[in-house]
Amino acid sequence: MNPSCNLFIVGPTGAGKTSIGRRLAEHYQLAFVDLDQEIERHCGVPVGTVFELEGEAGFRRRESDMLDHCTQPQGIVLATGAGAVLDPVNRQRLAARGYVLWLQAGIEQQLERLARDTKRPLLAGEDRRAKLAAMREAREPLYRELADLVLPDEHESVHAATQRAIALIDTHWNRTRAA
């Protein structure tokens, strides 16, 4: 058990981290932070542009800096980017500064949810299924290692997944109050 006043959400692209995270923040009366949106706000350009200009390595550096900044306040729900867990320092920060919820999503669900999405640079081009499978292989062990709690994929609405998450979180999260 990881007592904390922060709730951090990790999981693959298309798992619902932002959609469910907003609803969890509202339910628990906490501030909501979306890491990718904070990077965009700070840089003044979309994540795709950061990838285009600086490559994935440049984006990951910015992501790590922003994650450090965003995880320091108390009393937040943070939706991370799917690849934020790739950096061991990010994983250490997430584990030390919050309670980590892993939202699982199957590849079929990801493909369905991301069918019209053209803003994710790592999914650009052909064969999204293969790209998602490769990301899953690299990231799933890291999500597993980091997670305090897992919300399995049940291919349901955001509302239903949020309600299930709340029931699970209420049973397991030893929530300390922000100072």
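Here's what I pulled together on the structure shown here. Everything quoted here is computed from the prediction, not taken from an experiment. Sequence order sets the numbering: in each chain, residues are counted from 1 along the sequence as written. Local features in this predicted model are restricted to residues whose pLDDT is 70 or higher, and side-chain atom pairs enter the listing and the counts only when it is 80 or higher, whereas totals over whole chains, interfaces and linings include all residues. With hydrogens and water stripped out, all remaining heavy atoms of the structure feed into the side-chain values.

**Quick word on the overall build of the protein**
Then, in step 1: Tallying secondary structure elements over the protein gives seven helices and five strands in all.
Then, in step 2: In the protein, the order of α-helices and β-strands from amino to carboxyl end is β-α-β-α-α-β-α-β-α-α-β-α.
Then, in step 3: The atom set for the radius of gyration is the C-alpha atoms, and the globule formula is 2.2 Å times the number of residues raised to the power 0.38. Taking 2.2 N^0.38 as the reference for a compact globule, 179 residues should give roughly 16 Å; the C-alpha atoms of the protein span a radius of gyration of 15 Å, in line with that estimate.
Then, in step 4: Across its three principal axes, the protein shows a C-alpha extent of roughly 45 × 35 × 25 Å.
Then, in step 5: For the protein, buried positions account for 46% of its 179 residues.
Then, in step 6: For the protein, restricting intrachain contacts to residue pairs at least 6 apart in sequence, the fraction spanning at least 24 positions comes to 74%.
Then, in step 7: Per-residue accessibility takes into account occlusion by the displayed protein chains alone, with areas from the Shrake-Rupley method and a 1.4 Å probe. Surface summary for the protein: the accessible area is close to 9200 Å², and the carbon and sulfur share equals 49%.
Then, in step 8: We treat Lys and Arg as the positive residues and Asp and Glu as the negative residues; His and chain ends play no part in the count. Positions of charges follow a simple convention, taking NZ of Lys, CZ of Arg, CG of Asp or CD of Glu. Side chains of the protein give 23 positive and 25 negative charges; the mean places of these two sets differ by 2 Å. Secondary structure follows DSSP: runs of H or I at least 4 residues long count as helices, runs of E at least 2 residues long count as strands, and numbering of each begins at the N terminus. Residue exposure (1.4 Å probe, protein chains only): buried if accessible area is under 20% of the type maximum, exposed if over 50%, otherwise partly exposed. Any two residues having at least one pair of non-hydrogen atoms within 4.5 Å are treated as being in contact.

**Let's talk about the pattern of salt bridges**
Then, in step 1: Salt bridge, as used here, is a side-chain nitrogen of Lys or Arg placed within 4 Å of a carboxyl oxygen of Asp or Glu. Here the structure, examined in full by the defined rule, presents 12 salt bridges.
Then, in step 2: For arginine 41, the salt bridge goes to glutamate 38, with nearest N and O atoms at 2.7 Å. Of this pair, arginine 41 and glutamate 38 both sit in helix α2 (residues 35-43), three residues apart, which is roughly one turn of the helix.
Then, in step 3: What makes arginine 41 exposed here is its relative accessible area of 59%.
Then, in step 4: As a salt-bridge pair, arginine 62 and glutamate 54 come within 2.8 Å of each other at their nearest N and O atoms.
Then, in step 5: The class of arginine 62 is partly exposed, set by a relative accessible area of 30%.
Then, in step 6: Judged by its relative accessible area of 34%, glutamate 54 is partly exposed.
Then, in step 7: Several salt bridges share partner residues, and in doing so they unite Glu56, Arg60 and Glu63 into one network.

**Points about the environment of alanine 147**
Then, in step 1: Structurally, alanine 147 can be placed in the loop between α6 (128-146) and β5 (149-151).
Then, in step 2: Residues alanine 147 and alanine 133, 14 residues apart in the sequence, show an inter-C-alpha distance of 20 Å.
Then, in step 3: In contact with alanine 147, other than residues within four places in its own chain, are Val100 and Trp102.

**Topic: the pairing of strand β3 (residues 76-79)**
Then, in step 1: The side-chain alternation of β3 yields two buried faces, one formed by Ile76 and Leu78 and the other by Val77 and Ala79.
Then, in step 2: The pairing of strand β2 (residues 31-34) with β3 spans four bridges and is parallel. Paired with valine 33 across the strands is leucine 78, a residue of β3. Paired strands, as defined in this entry, are two strands with at least two bridges between them according to DSSP.

Fair warning: the whole summary comes from geometry, so function is off the table for now.
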